[in-house]
Amino acid sequence: QVQLVESGGGLVQAGGSLRLSCAASGRIFSLVIMGWYRQAPGKQRELVAAITSGGSTDYADSVKGRFTISRDNAKNTVYLQMNSLKPEDTAVYYCNADNRVQSGPTFRYWGQGTQVTVSS
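Values in this document were obtained by computation on a predicted structure and should not be read as measured data.

For the structure shown, the criterion picks out one aromatic pair. Ring centres 5.0 Å apart and planes at 70° place the aromatic pair Tyr 37 and Trp 110 in the edge-to-face group. Of this pair, Tyr 37 sits in strand 4 (residues 31–39) while Trp 110 is found in strand 10 (residues 106–110), placing the two residues 73 residues apart along the sequence. Among the residues examined, Tyr 37 registers a relative accessible area of 16% and is labelled buried. Lying across the ring of Tyr 94, Arg 45 places its NZ or CZ 3.8 Å from the centre.

Following this line, the structure appears as structure tokens:
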């Protein structure tokens, strides 16, 4: 099992910034992908950003140029720097990690979620 613990959410005014962190612990083999999803009330969970162990990144179109994902492989931690926040960024943000067991299967784990609220 892998545990993911998120931190850094909160309330911020539009135009402000927040930095989310997610630390993984437990039976870690290879965290091939780590990422952030979000879910707003009444909406489906959506990908915000993801990063591979090699540093390749992917972003939702809605956050490109405003959010930056990074990771510290030595600390098994992924970060999401969110700038120029908009009210539509308000959601619960979930960290996820894909843990590949040696050359075998990959298992996906989720954090408990952290609330981000952007006021207008």
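Okay, back to it.
Membership of the largest hydrophobic core comes to 30 residues, with the highest contact counts inside it found for Trp 36, Leu 80, Met 82 and Tyr 93. Elements represented by at least two residues in this core include exactly strand 1 (2–7), strand 3 (18–26), strand 4, strand 5 (46–52), strand 7 (67–72), strand 8 (77–82), strand 9 (91–100) and strand 11 (114–119). In contact with Leu 80, not counting residues within four places along its chain, are Leu 18, Arg 19, Leu 20, Trp 36, Val 48, Ala 49, Phe 67, Thr 68, Ile 69 and Tyr 93.

Let us look at the sheet that holds strand 8. If you trace the four strands from one edge of the open sheet to the other, you get 1-3-8-7, paired in antiparallel fashion. Each end of this open sheet is capped by a strand with a single partner; those strands are strand 1 and strand 7. Neighbour to neighbour, the strand axes of the sheet diverge by 15° on average, direction disregarded. For strand 3 and strand 8, the ladder comprises six bridges, and the chain directions are antiparallel. Opposite Leu 18, over in strand 8, you have Met 82 as the bridge partner.

Following the criterion strictly, the structure yields five salt bridges and no others. The partner of Asp 89 in a salt bridge is Arg 38, and the shortest N-O contact between them spans 2.9 Å. You can see Asp 89 sitting in the loop between strand 8 and strand 9 and its partner Arg 38 sitting in strand 4, a full 51 residues away along the chain. Considered together, Asp 89 and Arg 38 belong to a single accessibility category, that of buried residues. Here Asp 61 and Lys 64 are joined by a salt bridge, their closest N and O atoms 3.1 Å apart. Using a relative accessible area of 64% as the deciding quantity, one classes Asp 61 as exposed. One salt-bridge network, held together by shared partners, links Arg 38, Glu 46, Arg 66 and Asp 89.

Moving on: the pairing of strand 3. Here strand 1 runs beside strand 3; their pairing, made up of six bridges, is antiparallel. Within strand 3, the residue paired with Leu 4 across the bridge is Ala 24.

Positioned with a positive phi, Asn 76 is a non-glycine residue whose angle comes to about 50°. Along the chain, the position of Asn 76 falls in the loop between strand 7 and strand 8. Given the relative accessible area of 25%, Asn 76 is considered partly exposed. At Ser 84, a residue that is not glycine, the phi angle is positive and equals roughly 50°.

Cut-offs and rules
Residues numbered from 1 in each chain as written. Predicted model: local features only at pLDDT ≥ 70, side-chain atom pairs only at ≥ 80, totals over all residues. Heavy atoms only, no water. Phe/Tyr/Trp six-rings, centres within 6.5 Å; stacked < 30°, edge-to-face > 60°. Helix = DSSP H or I, 4+ residues; strand = E, 2+ residues; numbered from the N terminus. Buried < 20%, exposed > 50% of the residue type's maximum accessible area, 1.4 Å probe, protein only. Lys NZ or Arg CZ within 6 Å of the ring centre and 35° of its normal. Core = buried A, V, L, I, M, F, W, Y, C linked by side-chain atoms within 4.5 Å. Contact = heavy atoms within 4.5 Å. Pairing = 2+ DSSP bridges. Axes fitted to C-alpha atoms, helices over the stretch in contact; angles between N-to-C directions. Salt bridge = Lys/Arg side-chain N within 4 Å of Asp/Glu carboxyl O.

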